[in-house]
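Structural characterization, general
These are the residues of each chain, in order.
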Amino acid sequence: MRLRIILLTVATSSLVLVSFLLPLALVLRTFAADRAVSTATVQAQWMAPLAATLKAGNLPLAVDQVNAENKSIPITVFLPGGSELGAPAPRSAAVQLAAKGRSFTSVTPGGVEVLVAVQGLPGGTAVIRTFVPEGELHHGVTRAWLLLCCVGLGLLALSVAVADQLARSVVRPLRAVASASDRLATGDLSARAELTGPPEVRRAGAGLNRLAVRIGELLAHERETVADLSHRLRTPLTALRIDAESLRDHAERAQVLDDLDALEHTVDEIIREARRPTRDDSGDACDAGQVVGERAAFWRPLAEDTERAMTVELAGGPIPVRVCREDLAACMDILLENVFAHTPEGAALAIRLSRRAGGGAWLVVADDGPGFPHPGLTERGRSNGGSTGLGLDIARRIAEGSGGTLTIGQSASGGGSVTVGLGPLGALAEGSRRHRRTQSSL
C-alpha cells in the first residue's frame, strides 16, 4: 500500500509538472529568439540614420566600430552603387527586395536576418542587414531548461518524501492492526490494536479490540458451561459407584470400580481444562509408538470378545510427535470406538503407524466393515450411525492442532479407513486457523 501511494503521488506530480514546465520551456525558447531578433532590429534601426547622414569616409569606421562592439550580431551595409560595408554577406534576393524600399525580417539557413531600407541617399536606397545566428537565437535556453529540469526533479523528490511520510502514517497503524489480528488468530486473546492513525484505521482497530473482548467473553462462558456440565456428571457417577460397591462378584466389582475411577479422572481433567483460561501446547509431545501400542493393547480384549482379527503394525523405535499423550490416546480411542460401534462383529481391523518423511507419523486405522456412507463425516455434529457426530471432528482437530491432517477413505477390502497425519516436533500448529477436510481413496 505504501508503494502504491508513492507511485500514485509520483504519477500525479509528474503530470502536473509536465503540464506546467513544458509550456514554460517553449515560452522561454520563443522569448529568447524574440529578444535576439529585437536586439538586431534595434541595432539596424540605430544604424539607419548614420548611413543617411555620415560622409562616405566616416560610415565605414562607424560600421566597423559597431561590429567590434557586438560580434555576435554582425552588420552589413549594402550601398546603392553595389559596394558593401561591414561583415561580408551575399547580396541575396531578400537584400535586393529590401533595396526597393521594404524593411522586413527573413529566416535564412543558419539564422535570421533583419533588413532595413534606408532611402534618400544620392544614388538610391541602401540596405542595412543584421544577422542573428542560430546559436544567438537560442542563447541561454539550454541553461534555462536545465534549471527547469532541476526544479521539476526537486519538486518531484519533495512530493515523494511527503507521500512517503503520508504512506507511513497510514500503513504503520494498519500493520499494527494486522499484527493484532494475526495474534488473535493464533489464540492470543490479549492482543489489542493501538488506536493510532487516520480515523478510519482507528475505527477498524477499535472494532478489532471489541471483537477480541467479545471472543474472550464467549470463550469464558463456554468454558464455564462445559465445566458446569462436566460437574453435573459427578452425581450419576456417585450413584454408579454405590451400585458397583454392592456387587457380590469381587472381580466384577473391581473392574467396574476401575472403570469408574478412569471415568472420574476424565471428568476431572475436563473440568480442569475448561477452567484453564488459555492453553499453551507448544511443549506438548509424546512417543506415538508407545501411546498407540498401549491403546491397541487396551482394545484387543474387546476385539477378541467380538471375534475380530486385529492387526497392529508399529514402526520400530521412538516416533516423537507434536501432540500430548492424552490427546493422542483420545484420538486413538475415538477411531477404534468407531470401528467397534459401526462395523458388524467379526469385521477385522488393522492399525498401522509409520514415520512421515518430514517428521511426525502416519496413523492408519482400517476395517473390513461397510465403509463410510458419506465422505463429509468429519463435519462437526454429522453422523449416520445415531451418535453425536463429534468423534471424527475431535480427532481431526487433534491432528490439525499438531500441524497434521485427517483423511477418510476406503480400505483395501472396501471398508472404512482413517488416516491421521501427526506433525513433528517444532511444527507450527495451525489448527485454530485452518479447517481442512479432505477425502481420498486408500
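Here's what I pulled together on the structure shown here.

Procedures and definitions
Residues numbered from 1 in each chain as written. Predicted model: local features only at pLDDT ≥ 70, side-chain atom pairs only at ≥ 80, totals over all residues. Heavy atoms only, no water. Helix = DSSP H or I, 4+ residues; strand = E, 2+ residues; numbered from the N terminus. Buried < 20%, exposed > 50% of the residue type's maximum accessible area, 1.4 Å probe, protein only. Contact = heavy atoms within 4.5 Å. Areas by Shrake-Rupley, 256 points an atom, 1.4 Å probe, with all protein chains shown as cover. Pairing = 2+ DSSP bridges. Phe/Tyr/Trp six-rings, centres within 6.5 Å; stacked < 30°, edge-to-face > 60°. Lys NZ or Arg CZ within 6 Å of the ring centre and 35° of its normal. Axes fitted to C-alpha atoms, helices over the stretch in contact; angles between N-to-C directions. Core = buried A, V, L, I, M, F, W, Y, C linked by side-chain atoms within 4.5 Å. Salt bridge = Lys/Arg side-chain N within 4 Å of Asp/Glu carboxyl O. Patch = residues over 30% accessible without salt bridge, like charges linked within 9 Å, V, L, I, M, F, W, Y side chains within 5 Å. Parallel < 35°, antiparallel > 145°, perpendicular 65-115°, else oblique. Left-handed = near helix turned anticlockwise from the far one by under 90°. Nonpolar A, V, L, I, M, F, W, Y, C, P; charged D, E, K, R; others polar.

This next bit is on the overall build of the protein. Along the protein, the regular secondary structure elements total 11 helices and 13 strands. Buried residues in the protein amount to 35% of all 442 residues. Across the protein, the fraction of contacts at a sequence separation of at least 24, relative to all contacts at a separation of at least 6, is 62%. Carbon and sulfur atoms make up 59% of the accessible area of the protein, which amounts to about 25200 Å² in all.

A few words now on the pairing of strand 1 (residues 75-78). A two-sided burial pattern is seen for strand 1, the buried positions comprising I75 and V77 on one face and T76 and F78 on the other. Pairing of strand 1 with strand 5 (residues 124-133) involves four bridges; the strand directions are antiparallel. Directly across from V77, in strand 5, lies its bridge partner I128. If you look at the hairpin formed by strand 1 and strand 2 (residues 84-86), you'll find five residues sitting between the two strands, and G82 has a positive phi there, around 105°.

This part takes up the packing of aromatic side chains. For the structure shown, the criterion picks out two aromatic pairs. Ring geometry for F298 and W299: centres 6.0 Å apart, planes at 80°, overall edge-to-face. Residue classification places F298 among the exposed positions, given a relative accessible area of 52%. Where W299 meets F340, the ring centres are 5.4 Å apart and the plane angle is 20°; that geometry is what we call stacked. Of this pair, W299 sits in helix 9 (residues 288-305) while F340 sits in helix 10 (residues 325-342), and the two are 41 residues apart along the sequence. A single burial state applies to W299 and to F340, both of which are buried. An aromatic cluster is present here, built from F298, W299 and F340 joined pairwise through their rings. For R295, the ring lying beneath its charged end belongs to F298, and the centroid distance is 4.4 Å. Taking the ring centre of W362 as reference, the NZ or CZ of R356 above it sits at 4.8 Å.

Next up on the list: the sheet that holds strand 3 (residues 104-108). Judged by pairing direction, the sheet is antiparallel, and its five strands sit side by side in the order 2-1-5-4-3 without closing on themselves. Looking at the sheet topology across the chains shown, the edges are occupied by strand 2 and strand 3. Taking each pair of neighbouring strands and ignoring which way they run, the sheet shows an average axis angle of 25°. Of the pairings in the sheet, the one linking strand 1 to strand 2 comprises three bridges and is antiparallel in character.

Bringing the nonpolar core into the picture now. By size, the foremost hydrophobic cluster in this structure holds 34 residues, and its most contacted members are V321, L328, L335, L336, I351, L363 and V420. Looking at this core, the elements that each hand over two or more residues are helix 9, helix 10, strand 9 (349-355), strand 10 (361-367), helix 11 (391-401), strand 11 (405-410) and strand 12 (416-422). Looking at this core element by element, the count peaks at eight residues for helix 10. Residues in contact with V420, not counting those within four places in the same chain, are C331, L335, A361, W362, L363, A399, T405 and L406.

Under the counting rule described, the total for this entry stands at nine salt bridges. In this structure, E217 and R214 form a salt bridge, with 3.4 Å as the shortest nitrogen-oxygen distance. Highlighted residues: E217 and R214, both in helix 6 (residues 199-232), separated by three residues, approximately one helical turn. On the basis of relative accessible area, R214 is assigned to the partly exposed category, the value being 46%. Across the salt bridge formed by R295 and D333, the nearest N and O atoms sit 2.9 Å from each other. In this pair, R295 is assigned in helix 9 and D333 in helix 10, connecting sequence segments 38 residues apart.

What follows covers the environment of R192. Along the polypeptide, R192 turns up in the loop between helix 5 (141-185) and helix 6. Between the alpha carbons of R192 and A176 there is a distance of 9.0 Å; along the sequence they are 16 residues apart. Discounting chain neighbours no more than four positions away, the residues touching R192 are A180, N209, A212 and V213.

On the surface, a cluster of nonpolar side chains totalling about 460 Å² of accessible area is made up of L147, V151, L155, L158 and V162. Mapped onto the elements, V162 comes out in helix 5.

Here the focus is the environment of R91. Inspection of the secondary structure assignment puts R91 in the loop between strand 2 and helix 3 (93-98). We classify R91 as partly exposed; its relative accessible area is 35%. Once you skip the residues sitting within four places of it in the chain, R91 turns out to touch F78, L79, G82, S83 and Q96.

Here we come to the packing of helix 1 (residues 2-53) against helix 2 (residues 59-69). Closest axis-to-axis distance for the helix 1/helix 2 pair is 11 Å, and the angle between their directions is 165°. In terms of orientation, helix 1 lies roughly antiparallel with respect to helix 2. Note that helix 1 runs across helix 2; the crossing there is right-handed. Contact residues: Q43, W46, M47, L50 and A51 in helix 1; L59, A62, V63 and V66 in helix 2. Taken together, the residues of the contact of helix 1 with helix 2 sort by class into eight nonpolar, one polar and no charged.

Two elements in contact, helix 9 and helix 10, have axes whose closest approach is 10 Å; the angle formed by their N-to-C orientations is 35°. Remark: the crossing between helix 9 and helix 10 carries right-handed chirality. Residues A288, Q290, V291, V292, E294, R295, W299, L302 and A303 of helix 9 touch helix 10, and the partners they reach there are R325, L328, A329, M332, D333, L336, E337 and F340. Of the residues contributing to the contact of helix 9 with helix 10, the split by class is 11 nonpolar, one polar and five charged.

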